[in-house]
Amino acid sequence: MLSVNLLRTVCSSRTLLHSFTVNLPLSARCISTTLTKKETWHSNMNFKLPGNEEYFICSFHPLDYARHYSTAQVKLSCWNCKKPLVKTPAFFCKSCQVVQPPNEGISFFEIMNCEQTFTLDTHKLQTRYVQLQRFLHPDNFIQKSLKEQEYSEIQSALVNKAYKTLLKPLSRGLYMLELKGMTIEEGTDYGADSEFLMELMEINESLDEAKTPEEADKIGRDTKRKLADLTKEIDTALLRGDLQAAKALLAKMKYYANIEEKVKEKLSEFL
């Protein structure tokens, strides 16, 4: 049987330089493609039965531009009892109840069972987090095998990361961009014009010069309102698929989130 890793290698854009034929078991099909412009591709598909195994045969030919192929419907099995895992992501085997290693390619939204939307239900997110950690926390596996202890630590840490990433609008939005292959480089002023940068400078100066908790708190309230407005604008941009606009707005949100943290530090000085 052709392994999933080998399939990904064979189907990568770098290897699409010559024609080749791949015989795949029906449980591991290459089922989705991304094509650019109006390109065409050719494939020959037929079925044969070597022994008792049914195969799906694909022939790929050279293309003018790179395509990206992905595998899906690959049946995962429990590492302990070897029985099929029913759900994805699979934290535990339904048959033997043993903790499983993380599934490759699963997003934080899938781990936390949340819709992939910027305005997700944070209450549902928190509930899911508590439920998962109740079962996955390493303390529950002290008397288990070393492999189970290892997998529980990895799964618990992954759930923690997913929860922290999706909980706040800024990290959630940046992660959604990351899923689309976009990032905001650290130390850059992406989407920040001179007027916006001047406004930030004035806010920081006012915060530095604040003499009372009330003055610092007012700056904090104003910043929260701006963050709330940006949250609505980012959601609108993402819903209409305008990733560049969302990226620029998230860059602004990073600045205001930084000011919000400075306000907290300033208020702590008055305690």
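Residues numbered from 1 in each chain as written. Predicted model: local features only at pLDDT ≥ 70, side-chain atom pairs only at ≥ 80, totals over all residues. Heavy atoms only, no water.

Asker: How should helix H8 (residues 243–269) be read in this particular structure?
Answerer: A turn of α-helix holds 3.6 residues, and therefore any two residues three or four places apart point the same way. With 27 residues, H8 should cover 39 Å at 1.5 Å per step; its first-to-last C-alpha distance of 39 Å lies within 8% of that length. Taken residue by residue, H8 has Ala 246, Lys 247, Leu 249, Leu 250, Ala 251, Met 253, Tyr 256, Ala 257, Ile 259, Glu 260, Val 263 and Lys 266 as its buried positions. Against helix H5 (169–179), helix H6 (194–209) and helix H7 (213–239) lie the buried residues of H8. (Helix = DSSP H or I, 4+ residues; strand = E, 2+ residues; numbered from the N terminus. Expected span 1.5 Å × (residues − 1). Buried < 20%, exposed > 50% of the residue type's maximum accessible area, 1.4 Å probe, protein only. Contact = heavy atoms within 4.5 Å.)

Asker: Is there a simple way to think about the side chain of Asn 103 in this case?
Answerer: One can find Asn 103 in the loop between strand E5 (68–72) and helix H2 (108–111). Under the relative-accessibility criterion, Asn 103 is labelled buried at 16%. In this structure the side chain of Asn 103 is engaged in a polar contact, spanning 2.8 Å, whose partner is the backbone nitrogen of Ala 90. If sequence neighbours within four positions are ignored, Asn 103 has contacts with Leu 76, Thr 88, Pro 89 and Ala 90. (Polar contact = N/O pair within 3.5 Å; in protein donor to acceptor, adjacent residues only side chain to side chain.)

Asker: What is the right way to read the packing of H6 against H8 from this model?
Answerer: Packed helices, taken two at a time, are described by the angle their axes make and the gap between the axes. The contact between H6 and H8 brings their axes to 11 Å, and the two run at 5°. In terms of axis orientation, H6 runs roughly parallel to H8. Where H6 abuts H8, its residues Phe 196, Leu 197, Glu 199, Leu 200, Ile 203, Asn 204, Leu 207 and Asp 208 lie against Lys 252, Tyr 255, Tyr 256, Ile 259, Lys 262, Val 263 and Lys 266. (Axes fitted to C-alpha atoms, helices over the stretch in contact; angles between N-to-C directions. Parallel < 35°, antiparallel > 145°, perpendicular 65-115°, else oblique.)

Asker: What is the right way to read the packing of H5 against H8 from this model?
Answerer: It is at 10 Å that the axes of H5 and H8 come closest, and there the two elements cross at 150°. Judged by the inter-axis angle, H5 sits roughly antiparallel to H8. H8 is crossed by H5, and the crossing has left-handed handedness. Within the contact between the two elements, H5 uses Pro 169, Leu 170, Gly 173, Leu 174 and Leu 177 and H8 uses Leu 243, Lys 247, Leu 250, Met 253, Lys 254 and Ala 257. Counted by class, the contact of H5 with H8 contains 8 nonpolar, 1 polar and 2 charged residues. (Left-handed = near helix turned anticlockwise from the far one by under 90°. Nonpolar A, V, L, I, M, F, W, Y, C, P; charged D, E, K, R; others polar.)

Asker: What's the story with the nonpolar core in this structure? I'm lost.
Answerer: The nonpolar side chains of a soluble globular protein tend to be buried with one another. Membership of the largest hydrophobic core comes to 47 residues, with the highest contact counts inside it found for Ile 111, Met 112, Leu 166 and Tyr 256. Listed by contribution, the elements that provide at least two residues to this core are H2, helix H3 (122–136), helix H4 (146–167), H5, H6, H7 and H8. Among the elements that take part in this core, H8 stands out by supplying 9 residues, more than any other. Setting aside residues up to four positions removed in sequence, Tyr 256 forms contacts with Phe 196, Glu 199, Leu 200, Ile 203, Thr 223, Lys 226, Leu 227 and Leu 230. (Core = buried A, V, L, I, M, F, W, Y, C linked by side-chain atoms within 4.5 Å.)

Asker: Which parts of the structure should I look at to understand the environment of Asn 113?
Answerer: Within the fold, Asn 113 resides in the loop between H2 and H3. Residues Asn 113 and Leu 125, spaced 12 residues apart in sequence, show a C-alpha to C-alpha distance of 7.8 Å. Excluding anything up to four places from it in sequence, Asn 113 contacts Lys 124 and Arg 128.

Asker: When you look at the pattern of salt bridges in this model, what are you seeing that I'm missing?
Answerer: Any two side chains of opposite charge can pair, given that their charged atoms come close. One pass over the full model with this rule turns up 8 salt bridges. For Lys 224, the salt bridge is made with Glu 260, and the minimal N-O distance between the two is 2.9 Å. Of the two residues, Lys 224 sits in helix H7 while Glu 260 sits in helix H8, which places them 36 residues apart along the sequence. A relative accessible area of 17% places Glu 260 in the buried class. Here the salt bridges share partners, and the residues they tie into one network are Lys 218, Asp 222 and Arg 225. (Salt bridge = Lys/Arg side-chain N within 4 Å of Asp/Glu carboxyl O.)

Asker: Is there a simple way to think about the confidence of the model for the chain in this case?
Answerer: With 71% of its residues at a pLDDT of at least 70, the chain reaches an overall mean of 79. Here strand E2 (residues 29–34) is the element of the chain with the lowest mean pLDDT, 38, and H4 is the one with the highest, 98. Taken as a whole, residues 1–72 scores under 50 in pLDDT and shows 114 contacts with residues more than four places along the chain or in a different chain. (pLDDT = per-residue confidence, 0-100.)

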